[in-house]
Amino acid sequence: MSNIAAQRIQREFNEVIKSDEAQKFSIKLEMDGSDFRHINGEIAGPPDTPYESGNFKLEIKIPDTYPFNPPKVKFLTKIWHPNVSSVTGAICLDILKDQWAAAMTLRVVLLSLQALLAAAEPDDPQDAVVANQYKENRALFTSTARYWTTVHAGGKQLNPDFDKKIHTLLDLGVEKHQALVALSACDWNLDRALEQIFS
Amino acid sequence: MFSLLLGWLKSFFSQVLSLFQIGSAKSVSSPPPESQMLSIFVRTNTGEKIQVQLAPEWTVAQLKTHLKPQLCSTQQHIKLIFAGKELPESLVLGQCDLGQNSVLHAVILVTSASAATPPTSPTVSDITRRVQDAAIEEFPPANCSEKPNLTTAGKEYASSETLTSDARDMQRPTRPSSTDTLESFTLLDLPCGKISGAETPAGEDVEAALDAAFSEQRECQRLLCDASTVITIQLSQDEQEQLRQLKASGVPGSGERPHFYVFCSRPCRGVRVGKLRVRCNRCAQGAVTLHEDPTCWKDVLTPKQILCWCETPACKEAVKECYAEFYFKCSGHVTLGDDDVAVPLYMIRANLPGVVCLSCAEVASPVIVFECEASHVLCLDCFINYCLSKLSERQFTHDSEIGYTLPCPVNCFDSYIKEVHHFRLLGDDQYRRYQHWATEEAVLAAGGVLCPRPGCGHGLLPDADCVRITCVGGCGFVFCRLCLQEYHTGECWQLDHGQPLSSLPRSASTASFNVDTSRVGVGARWDVASAAAIQSLTKACPQCRTPTERSGGCMHMVCTRASCRFNWCWVCHKEWTRDCMAAHWFG
């Protein structure tokens, strides 16, 4: 890694640690040992959204050519969001691709992702299934996203109805995450989910 | 006759004697250290060139007194011109950016008095005596020993011969003397207080320079080497105003003195502080005085912006107006002559406001300031890093006017680096690489192809509809323009999902691979195995057919070739659409 990238990351690290957001535990950065190339990030779900009270872990990979090329960021925590792949955690955010500018920092990236959680952009690139649900059945999308937050991101809001449906599938020998994905994608219709899993 | 000869001998001896006196005087007290002495050349408007040793603390008046005996009679005036300005009497020479071997221009003015009474031909002994007199006049006795060594390298005046011919040449008026007198008065009457007085450009405060830049927008009152000149040219009025406010609010800035920067290709091989110089665009001589000061880079870099008076006889006689031609010299080495010029790197500036580098967030100086509206700043190290990272990914853009270049790192509108010599900062090897690819891109942009044979890569400009191409002037390889394989009849080898290549839309600029697999390495073999590997690992951009590998992320591909940038779908192998987003954005 070039000196500039390492030096710059060090600075950005300090910027995040000293920031107001970090003081309020809303964003966080951690490093694996002394390797500046692999950073773990964490953002808190914004209040008044289905992601509230959840903590979402991010994998941040810094290229050698940083800051002239964007960091590679993806969600490690599973999340139900129109702009994030529910399968891989890949994010298609413009500033992480062609709209990246050398003047941006990790703090900007974390805050942008947080903003993305607060305001999804269903008219922009999206996970088709999640986006359809977002547009056509917003209430169901919200409860699904909230349920995912509770299951994967440590959210506090419970949903006994969804729990029951998951357990039905678990009793049939379906793996837990597979059950969650199938039910979420099928608007929590047990029959359709079963059909999808066993077809 | 005999008496005349005797007279000559006498004067010869007196001269030898006086030389000894000077020599012995010198040896008694210690002369100033060699390093402090400047050896410069004085070139006259009559083509004479003499070498003079001087101390930087001399004033122009002192230098004139020393030059006079060698150049003209006491009744005449000398005008000293340097870098487009007549030097005022009280200016200390150390302030005007003179370097070893710099050339000062002397113009001998004929006053009405001297024109009326033809001067007598001085002999060498006369001159020596006058030099001595002048030295004694100019210097207090204690410093007498420090008087300059007035060797005249250009001419030998060892014998007692009269200087008739030379002296007459020098005194010959090149214009009617009345005009000359008038002219000389106008020039001498210029209010030169600013240049000569309290201000000392070398240690000049940035604030003072700013004030000077502000107050003297287009008046010829400063030297080209003054900090205020540099500021006026480098900073827009707004930037000057901002800087002034910064200074007023007590921000220390980087504490730098403003400079011009150049790339010195020989002998320094690097970025150096540059010296702005000016010469006549007709005769290429430096004996010019500017009509007005340059106030922006356009004045300096674009020809025929500012008029000047040229003192060269040929130009003086011609009625035509002369334009000032600005150029730069490297201050990193002793000048190698008139042709020793350097390219100005005008994006490089001293970091006066102390702006942090966009990339490393350090305050460095000098820095590169991009020409975008936001004036984004990179330090030189980060600039090199930026260019190298883009060069390695071949992400430079070929602009039809500028050439192969980069925008500012924030990708601002209209921020391309227009002077590609800035890429000389990358070092010789990387600059060669840059030039190589720049040439390749230029060939491709002109509708040409590059020979696909490993180690060749010869640029070819065949007819637009010609498919069978021979590498003429290169390796002689005959290849198919469509698939860049050895020439064949019939369909090309199918690379793109069972789609014959020839069925793809083809235009002149998209007719070849760009990322040349041929350049993977000279030793790499152009064999079936590597072609197969490329085929299995990559898909070709639907527009320019650059083989593209998908290393992760979503299915939305943007062509890596800077001049293509086509948005396409990895699954459909067509232009990226909203349907692709909805159906298989993440696979």
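Residues numbered from 1 in each chain as written. Chains lettered and ligands numbered in written order. Predicted model: local features only at pLDDT ≥ 70, side-chain atom pairs only at ≥ 80, totals over all residues. Heavy atoms only, no water.

Next up on the list: the overall build of chain A. Looking only at helices and strands, one finds eight helices and four strands in chain A. Counting from the amino terminus, chain A carries its helices and strands in the arrangement α-α-β-β-β-β-α-α-α-α-α-α. Taken across its 199 residues, chain A has 52% of its residues classed as buried. Taking as baseline every contact in chain A between residues at least 6 positions apart, the subset at least 24 positions apart corresponds to 52%. For chain A, the exposed surface amounts to about 9,400 Å²; the carbon and sulfur share of it is 50%. (Helix = DSSP H or I, 4+ residues; strand = E, 2+ residues; numbered from the N terminus. Buried < 20%, exposed > 50% of the residue type's maximum accessible area, 1.4 Å probe, protein only. Contact = heavy atoms within 4.5 Å. Areas by Shrake-Rupley, 256 points an atom, 1.4 Å probe, with all protein chains shown as cover.)

With respect to the secondary-structure elements, His573 of chain B resides in the loop between β24 (567-569) and α16 (578-584). Polar side-chain contacts of His573 of chain B include one of 2.6 Å to the backbone oxygen of Ala540 of chain B. (Polar contact = N/O pair within 3.5 Å; in protein donor to acceptor, adjacent residues only side chain to side chain.)

As a further point, take unusual backbone geometry. For the bond running from Tyr66 of chain A to Pro67 of chain A, omega is 5°, close enough to zero to count as cis. If you trace the backbone, Pro67 of chain A turns up in the loop between β3 (55-61) and β4 (72-75). Following Arg266 of chain B, the chain continues into Pro267 of chain B via a peptide bond in cis, with omega recorded as 0°. Within the secondary structure layout, Pro267 of chain B lies in the loop between β6 (260-264) and β7 (270-280). Of note, the phi angle at Asn101 of chain B is positive, near 65°, even though the residue is not glycine. Among the secondary structure elements, Asn101 of chain B is positioned in the loop between β4 (85-86) and β5 (103-109).

Here we come to the sheet that holds β6 of chain B. Pairing in this open sheet of six strands is antiparallel, and the strands run β8-β9-β10-β7-β6-β11 (chain B) from one edge to the other. Strands at the two margins of the open sheet, each flanked by one partner only, are β8 (288-290) and β11 (343-344) of chain B. (Pairing = 2+ DSSP bridges.)

Our next topic: helix α10 (residues 237-248) of chain B. All names here are of chain B. The end-to-end C-alpha distance of α10, which contains 12 residues, comes to 16 Å, matching closely the 16 Å that a straight helix rising 1.5 Å per residue would cover. Of the residues making up α10, those classed as buried are Glu239, Gln240, Leu243, Arg244 and Lys247. For α10, the angular spread of the buried residues around the axis is 140°, confining them to a single face. Facing away from the buried side of α10 by more than 90 degrees, the exposed set consists of Asp238, Gln242 and Ala248. Following α10 by one or two positions, Gly250 has its phi on the positive side, about 85°. (Expected span 1.5 Å × (residues − 1). Arc of directions from axis to C-beta.)

Residue and element names in this part refer to chain A. Looking at the element boundaries, Leu58 is found in strand β3. In this structure the C-alpha to C-alpha distance between Leu58 and Leu29, which are 29 residues apart in sequence, comes to 9.2 Å. Setting aside its immediate chain neighbours within four residues, Leu58 contacts Ile39, Asn40, Gly41, Ile43, Val73, Lys74, Phe75, Leu76, Leu110 and Leu113.

Taken as a whole, this structure holds 23 aromatic pairs over all chains when the rule is applied. Taken together, a centroid distance of 4.7 Å and an interplanar angle of 45° make the contact between Phe68 of chain A and Tyr386 of chain B tilted. Of this pair, Phe68 of chain A sits in the loop between β3 and β4 while Tyr386 of chain B sits in helix α13 (residues 380-392), placing the two residues on different chains. You can call Phe68 of chain A buried: its relative accessible area is 6%. Since its relative accessible area comes to 3%, Tyr386 of chain B is described here as buried. Taken together, the ring pairs in this structure connect Phe370, Phe383, Phe396, Tyr404, Phe423, Tyr431 and Tyr434 of chain B into an aromatic cluster. (Phe/Tyr/Trp six-rings, centres within 6.5 Å; stacked < 30°, edge-to-face > 60°.)

Here the focus is the confidence of the model for chain B. Residue and element names in this part refer to chain B. Across chain B, the average pLDDT comes to 72, with 67% of residues at or above 70. Mean pLDDT values over the elements of chain B span from 32, in helix α7 (residues 193-196), up to 94, in strand β13 (residues 367-369). When the criterion is pLDDT under 50, residues 113-204 qualifies, and its contacts beyond four places in sequence or with other chains add up to 140 contacts. In this model residues 518-525 is a low-confidence stretch, pLDDT under 50, and it forms 14 contacts with partners more than four residues away in sequence or in other chains. Scored as a complex, the prediction yields pTM 0.70 and ipTM 0.74. (pLDDT = per-residue confidence, 0-100.)

With that settled, the discussion passes to the pairing of β6 of chain B. Residue and element names in this part refer to chain B. In terms of residue burial, β6 counts as a mostly covered element, since five of its five residues are buried. Residue alternation in β6 divides its side chains into two sets, Phe260, Val262 and Cys264 and Tyr261 and Phe263, and both sets are buried. In textbook terms, the turn of a hairpin is the stretch between consecutive antiparallel strands, and for β6 and β7 this stretch comprises five residues, one of which, Arg269, has a positive phi near 55°. Bridge count between β6 and β11: two bridges; the pairing is antiparallel. Among the inter-strand pairings, Phe263 is bridged to a residue of β11, identified as Val343.

With that settled, the discussion passes to the interface of chain B and chain A. Tallying the contact residues gives 23 residues for chain B and 26 residues for chain A. Of the roughly 2,000 Å² buried between chain B and chain A, counting both surfaces, carbon and sulfur atoms make up 60%. Linking chain B to chain A there are one salt bridge. Ionic pairing is found between Glu362 of chain B and Arg11 of chain A, a salt bridge with its closest N-O pair at 2.9 Å. The tally of links between chain B and chain A comes to seven residue pairs in polar contact (both at pLDDT 80 or more). Of all the secondary structure elements, the ones that give two or more residues to the side of chain B that touches chain A are α13 and α16 of chain B. (Buried area = accessible area lost by both parts, 1.4 Å probe. Salt bridge = Lys/Arg side-chain N within 4 Å of Asp/Glu carboxyl O.)

This chain's UniProt record puts "active site" (unreviewed entry) on Cys92 of chain A. Tracing the sequence through the fold places Cys92 of chain A in the loop between β4 and α3 (106-118). (UniProt positions renumbered as here; feature names shortened; annotations may be inferred.)

As a further point, take the confidence of the model for chain A. Per-residue pLDDT for chain A has a mean of 87; in total, 97% of the residues score no lower than 70. Predicted confidence in chain A is weakest over helix α2 (residues 20-23) of chain A, with a mean pLDDT of 79, and strongest over β3 of chain A, with 94.

It is worth spelling out the sheet that holds strand β14 (residues 377-379) of chain B at this point. Ordered by their spatial adjacency, three strands build an open sheet running β12-β13-β14 (chain B), and the pairing between neighbours is antiparallel. A strand with exactly one partner marks an edge of an open sheet, and here the two such strands are β12 (348-349) and β14 of chain B.

The nonpolar side chains of a soluble globular protein tend to be buried with one another. If you look at the biggest cluster of nonpolar residues, it comprises 94 residues, and the most contacted ones within it are Leu87, Phe370 and Phe423 of chain B. Setting aside residues no more than four positions away along its own chain, Phe370 of chain B makes contact with Met347, Ser375, His376, Leu378, Phe383, Tyr386, Pro407, Cys408, Pro409, Ser415 and Ile417 of chain B. (Core = buried A, V, L, I, M, F, W, Y, C linked by side-chain atoms within 4.5 Å.)

Once that is clear, we can look at helix α1 (residues 3-18) of chain A. Compared with the 22 Å implied by 1.5 Å per residue over 16 residues, the 23 Å span of α1 of chain A between its first and last C-alpha is a close match. Where α1 of chain A is concerned, the buried positions are Ile4, Ala5, Ala6, Arg8, Ile9, Glu12, Phe13 and Val16 of chain A. Contacts made by the buried residues of α1 of chain A are with α2, β1 (27-31), β2 (38-44) and α3 of chain A together with α13 of chain B.

Moving on: the pairing of strand β2 (residues 49-54) of chain B. Regular strands show a simple pattern: their side chains alternate between the two faces of the sheet. Residue and element names in this part refer to chain B. Note: strand β1 (residues 38-44) against β2, six bridges, orientation antiparallel. Within β2, the residue paired with Leu38 across the bridge is Leu54. Turn length for the β1-β2 hairpin, with the two strands adjacent in sequence and antiparallel, is four residues, and the turn residue Gly47 shows positive phi of about 95°.

Here His291 of chain B is to be found in the loop between β8 and α11 (297-301). Residues His291 of chain B and Leu307 of chain B lie 16 residues apart in sequence; the distance between their C-alpha atoms is 5.6 Å.

Turning our attention to the environment of Cys412 of chain B. By secondary structure assignment, the location of Cys412 of chain B is in the loop between β16 (403-405) and α14 (428-445). Spatially, the C-alpha atoms of Cys412 of chain B and Ser375 of chain B are 9.6 Å apart, while their sequence positions differ by 37 residues.

Moving on, we come to the packing of helix α7 (residues 176-185) of chain A against helix α8 (residues 190-198) of chain A. Residues and elements named next belong to chain A. At a minimum axis distance of 8 Å, the contact between α7 and α8 shows a crossing angle of 125°. In terms of their interaxial angle, α7 and α8 are classed as oblique. α7 and α8 meet at a crossing whose hand is right-handed. Contacts between α7 and α8 involve Gln178, Ala182, Leu183 and Ala185 from the first element and Leu190, Arg192, Ala193, Gln196 and Ile197 from the second. (Axes fitted to C-alpha atoms, helices over the stretch in contact; angles between N-to-C directions. Parallel < 35°, antiparallel > 145°, perpendicular 65-115°, else oblique. Left-handed = near helix turned anticlockwise from the far one by under 90°.)

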